[in-house]
Amino acid sequence: MSNILEVKDLNMQYKTSEGFVKAIQDVSFDIPEKASFGLVGESGCGKTSVAMSLLQLQSDNAEITSGSIVFDGTDIVQLSEQDLRKVRWFGISIVFQGAMNAWNPVIKIGEQIREAIREHYPENSKDQNTEIILDLFNLVGLDQTVIERYPHELSGGMKQRAVIALALSCQPKLIIADEPTTALDVVIQDQILKEIRKIQNKLGLSLLYISHDIAVIAEMTDLMAVMYAGRIVEIGKTTDLFSNPKHTYTKMLLESTPSITGDRKTLKSLEGEPPSLIDFQEACSFSSRCPSPTKECKDGSISMKLIELEDGHKVDQCCYRCLNE
Amino acid sequence: MENNIIKKSKLTTFKQNFNRFKESKIGMVGLVIVIFFGFLAILQPFLFFTGMWDYSTYHPVLGYDAVPYTATVVECPKEYPTENYNTRADCPSLNEISIITLRPFMPEVEIGDKVERFRQPAPPSRSHILGTDSLGRDVFSQIMEGSQVAFFLGLLSATLSVFISTILGSIAAYFGGIVDAYLMRQSDLLLMLPSLPLLFIISAFTELKVWHLALVIGILGGLGGSVITIKSQALQVKVKPFVDLARITGGSRMNILFSHILPNVAPLAILFMVFGVTGAIASESVLSFLGLINLDMSWGLMIALSQADGYISAGFEFWWLVVPAGLSVTLLAGGFYLIGRGLDDIFNPRLRKR
Amino acid sequence: MARYVINRFIQMVIVFLLFLVLSYLLFDAIPGNAFQSLLLNPDLPDYAYDRVVELYGLNDPLLTRVQNYVVNFFKGDFGYSYLQFPKTPLDLIAERLPRTLMLFSVVNIVAFYTGFFVGKILAWKRGSKAETWITITSVFSYTIFYPWFALLMLWYFGLKLNWLPIGKFLYPEKWYDAPFDSDVVFVEMIKYTIYFSLLFFLINIFTRNIESLKTRKNIRLYGFFSLLALSYFYWNSSGLYIMKPYAGDIAYHMILPILTVTIVAFAGTALLTRTTMMEVLKEDYILTARAKGISQKRIRDRHAARTALLPVVTSFIFTIVTIIDGAVITENIFSWPGMGQLILDSVLREDIPVAMATFSFIGIVALIAHFVADVSYAFLDPRIRIRNQG
């Protein structure tokens, strides 16, 4: 099965009045067709920046300094705005974090979805588009009256479903879901997640699921990567990472999730805060919080490149060395 | 409750903000302009004080200087063009004078005589950078005087207006209820009144000098529409949890008002103040121009005089009477506005680059 | 929605009453009265002045006078103009109003569209060099010293280039044997402008629901041109054919004032649009629109500008009041005998009844403008509209 998305050595930085913030450093991952890929990490680790860069929607002060993003055979980073517009939504679409605000408050929902379809399928008639929208709504569980409604007339859950419908409207090959259920209550969250999974299987799409909630990643994804301070620290099959986490950070993430079954344990949490991304560090960026750092971790004599342990399971060298000492 | 978690000194915050302000090209342009005119305003008393200029020649209102020149008396022909002149407008030319003009005053004069005349208004020269006006007064001095008036008037009325509207707006937001309703209706009433006709009427029954005008513009501005905007801003603060927190911990009402609401409203207030200066300068100029206020000298007055004397219809021949004053009003009012825009870019985080 | 409207309306009436009383007191504070200059003439017998003062009730206590004034106002009785007796203030207003209306309605429309258009582009091109310089230019045209600028325009286009007339609103020579009064012509022109704008507005509304962007734009363009063609026939029809040259004359005189005021006025709208647009551009739904692959231009016009339209339109309605200030100066400089000149004159020459009537009139207009602004904002923003319905 070929890869629908190949990200190689991506580096992105933001220009601020205090310096360059290196939001993404040497990030590489591949997403095969029809697979779902999870990206997990704490706030500020760069996951959303990665998502934005896939659609080349990063903010004006952001700059991709090196690397490539190859989607379906084409390097998106090199594309002109004209060509990018064709890829957006038609090739890759996104369900945003805080999808509540994704809707323009003065335009009806139906019209906003139509707009997307019109852009990529200009020959469709109005009725054809209505058909399409009705099918989508069926899929996500929305009533057809929603077409004529304004965003503020819908509940949070309905808006979220509508956003998913919007993301599917042009039959993209890859959908990015950036924390789509953060603002919803657990019941709805569960429903939405199930729906996304169902749709993905039915339509044969690839999914990039971004979250800080490792439990959701476990449920939703086949492959996953853990990000910390702009780098990927561990990547591999979800089952592998959960059963056999190699990176200290991954281990701590897993241990910090409470479990309903089993004995009551004291939750472990991670001390400290992620480092500032402004100054480029050679050293392991996790070393300040690692419970057992070695001298080499902190002084930067280890390269941060990932090494492969078993089939597809990669981890950054620093922690691998820790583990094997 | 003291905020002592991370205490940045006020100076570094100011420096940070100033750096941000520097980034805004618009704001910097405005600042440069304002500083320039401020410099002019200070320059004049300085020049007088150090004796570089003497009062009799250079005083903007009472000074008098006339440039003497010798003119030849000519008779303007009835038909044009002739060998000396192309059109009627060319005769008499710069160093000539028509015999018809002179006859009533000097009946014995003949064509070809040379007479001593004084040129006023005089074009710019070494002693008068911007020339003199029709009464022999130095134009540059007038501009500087006008600058003083503009700054004084603008800053005074703007400060007053912002002071009033901030307090009223905060009170309206905080107390709500009847107080709010009353203040809103009062603002409505004032918004409704067309300011220019109102100022006409007020000028009709009081003699408006700079102080009075500043007061009037200030009070009218303060009670007007800006109260509504400040109130809505203050309201946003009021509903924030920390205000409730402050109340729970026992802060008195006044305390809350000052330490929480006001600082949040402050950026908006400063913005209003800067824009207020623009408005005040513009209003004063217009009123002077229409002859409704009694100032000794201001830019509006300069234009009014030029127009009354008909120099504007002469176009750019007497440019120094027409251009500097109008340009000054435009530039200074615009300068303050640009500063306001620059400040807006800093203060309004929503407008910062995505 | 209806409740909101009624509520607002009642408030409006109350404020207006207050306004009336206030304006009376204001005028009353002006020392002296018009009769002093007219009647304190030593050649007239002593009792002439006293008698007139008695007759006009100028010595009555304040309360009585205020009462009288307010009551008379609602009866429509404004007294007589002191200086243009026997015309009543209403006559004068009726005479002058169409002139001001004509001039300033066109000015407002032109300035608004220009301003909105420039503002849209400014916000979109944020941070570029062009943006900085265009903004600075806009600011200076906003703050330009208006009388000075108007005079310069007048001089340049009128005297130097001789392209446009210097003042007034018509050439008296051309109207010597005109079968109409200028007022009639003005009324016709206003009617025409209203028809034109209304039809164009309707076209825009009816084409709102057309699916394809291209056809929508084309239909509107064709609509505009067919309206222009219709105008040609309209003015050539029987009744109006004779009026054409006169209307043309007035229109010719309107060009320079419109040009001047537009240059000064568009900047205000442009800057406001720019600010509002910039705030809107931060919103998430703009990001969504970009992600959908929609062209920049369409995002700017359909999403950002549409939402930015709300506050801009409402502020525009508020600026109508400021336009009145502008009208005074404009009419003064261009010698356009309209409402602005009326109020200036009447205050300067202490023609109190006229001054008060015009002042009240302007107050009503301002109030109505506010009212319309509030209601239309509630209407335009579907969030408020639906909330009030439900």
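Reading the values: the criteria
Numbering of residues starts from 1 in each chain and follows the order in which that chain's sequence is written. Note on labels: chains are lettered from A, ligands numbered from 1, in written order. Since the coordinates come from a predicted model, pLDDT governs what is reported: local features require at least 70, and pairs of side-chain atoms require 80 or more to be given and counted, while whole-chain, interface and lining totals use all residues. Here a helix means four or more residues in a row that DSSP labels H or I, a strand means two or more in a row labelled E, and each is numbered from the N terminus. Every helix has an expected span of 1.5 Å times one less than the residues it contains. Once C-beta atoms are placed from the backbone, each residue is buried if 20 or more other C-beta atoms lie within 10 Å of its own, exposed if 12 or fewer, and partly exposed for counts between those two. One requirement defines pairing of two strands: DSSP has to find at least two bridges between them. Remark: residues whose backbone-derived C-beta atoms lie within 7 Å of one another are considered to be in contact. In this description, a line fitted to the C-alpha atoms serves as the axis of each element, helices being fitted only across the stretch in contact, and the angle between N-to-C directions of two axes falls anywhere from 0 to 180 degrees. Think of it as three bins: nonpolar holds Ala, Val, Leu, Ile, Met, Phe, Trp, Tyr, Cys and Pro, charged holds Asp, Glu, Lys and Arg, and polar takes everything else, Gly as well. In this usage, the nonpolar core is the set of buried Ala, Val, Leu, Ile, Met, Phe, Trp, Tyr and Cys residues whose C-beta atoms join them within 7 Å. Should the near helix be turned anticlockwise from the far one by less than a right angle, the crossing is left-handed, and should it be turned clockwise, the crossing is right-handed. pLDDT expresses how confident the predictor is about each individual residue, on a scale running from 0 to 100.

**Student:** Help me get a handle on helix α6 (residues 177-192) of chain B, residues and values and all.
**Tutor:** The terminal C-alpha atoms of α6(B), which comprises 16 residues, lie 23 Å apart, in line with the 22 Å expected from a rise of 1.5 Å per residue. By the burial criterion, the buried members of α6(B) are B:Leu183, B:Ser187, B:Asp188, B:Leu189, B:Leu190, B:Leu191 and B:Met192.

**Student:** Account for the sheet that holds strand β4 (residues 62-71) of chain A, naming residues and giving values.
**Tutor:** Residues and elements named next belong to chain A. Taken together, four strands build an open sheet; the order of strands is β2-β1-β4-β5 and the sheet is antiparallel. With one partner strand each, in any of the chains shown, β2 (19-32) and β5 (74-75) form the two edges of the open sheet. Note: β4 against β5, two bridges, orientation antiparallel. Directly across from Phe-71, in β5, lies its bridge partner Thr-74. On top of the sheet, helix α1 (residues 47-54) reaches β1 (3-16), β2 and β4; it is set at about 70° to β2, its chief contact.

**Student:** Explain the interface of chain B and chain C to me, using residue names and the numbers behind them.
**Tutor:** With 37 residues of chain B at the interface, the matching set in chain C holds 41 residues. Taken together, the elements giving at least two residues each to the side of chain B that touches chain C come down to α2 (25-49), α6, α7 (195-205), α11 (253-289), α12 (299-308) and α13 (319-347) of chain B. Grouping the constituent residues of the side of chain B that touches chain C by class yields 22 nonpolar, nine polar and six charged.

**Student:** How would you summarise the pairing of strand β6 (residues 92-95) of chain A if you had to cite specific residues and measurements?
**Tutor:** Residue and element names in this part refer to chain A. The alternating pattern of β6 places Ile-92 and Ile-94 on one face and Ser-93 and Val-95 on the opposite face, and all of these are buried. Sheet topology note: the β6/strand β7 (residues 174-178) ladder contains four bridges and is parallel. Across the sheet, residue Ile-94 finds its bridge partner in β7, namely Ile-176.

**Student:** Summarise the nonpolar core; cite the residues concerned and give the values.
**Tutor:** Core analysis: the largest hydrophobic core is formed by 239 residues, its most contacted members being A:Val95, A:Ala165, A:Leu174, A:Ile176, A:Leu208 and A:Val226. When residues no more than four places from it in sequence are discounted, the contact partners of A:Leu174 are A:Ile4, A:Leu5, A:Ile31, A:Gly91, A:Ile92, A:Leu205, A:Ser206 and A:Leu208.

**Student:** So what about the packing of helix α5 (residues 89-124) of chain C against helix α11 (residues 244-281) of chain C? Which residues, and what values?
**Tutor:** All names here are of chain C. Packing of α5 against α11 brings their axes to within 5 Å, and their N-to-C directions diverge by 40°. As for the relative orientation of α5 and α11, their crossing is right-handed in sense. Here the contact of α5 with α11 is built from residues that sort into 23 nonpolar, seven polar and two charged.

**Student:** Any chance you could break down the confidence of the model for chain C for me, citing the residues and the numbers?
**Tutor:** Low-pLDDT stretches of the model should not have their predicted coordinates read in fine detail. Residue and element names in this part refer to chain C. Put simply, chain C has an average pLDDT of 75, and 82% of its residues get 70 or more. Per-residue pLDDT, averaged within each element of chain C, yields its smallest value for helix α16 (residues 382-389) (51) and its largest for helix α12 (residues 284-291) (84). Interface confidence for the predicted complex, given as ipTM, is 0.77, next to a pTM of 0.72.

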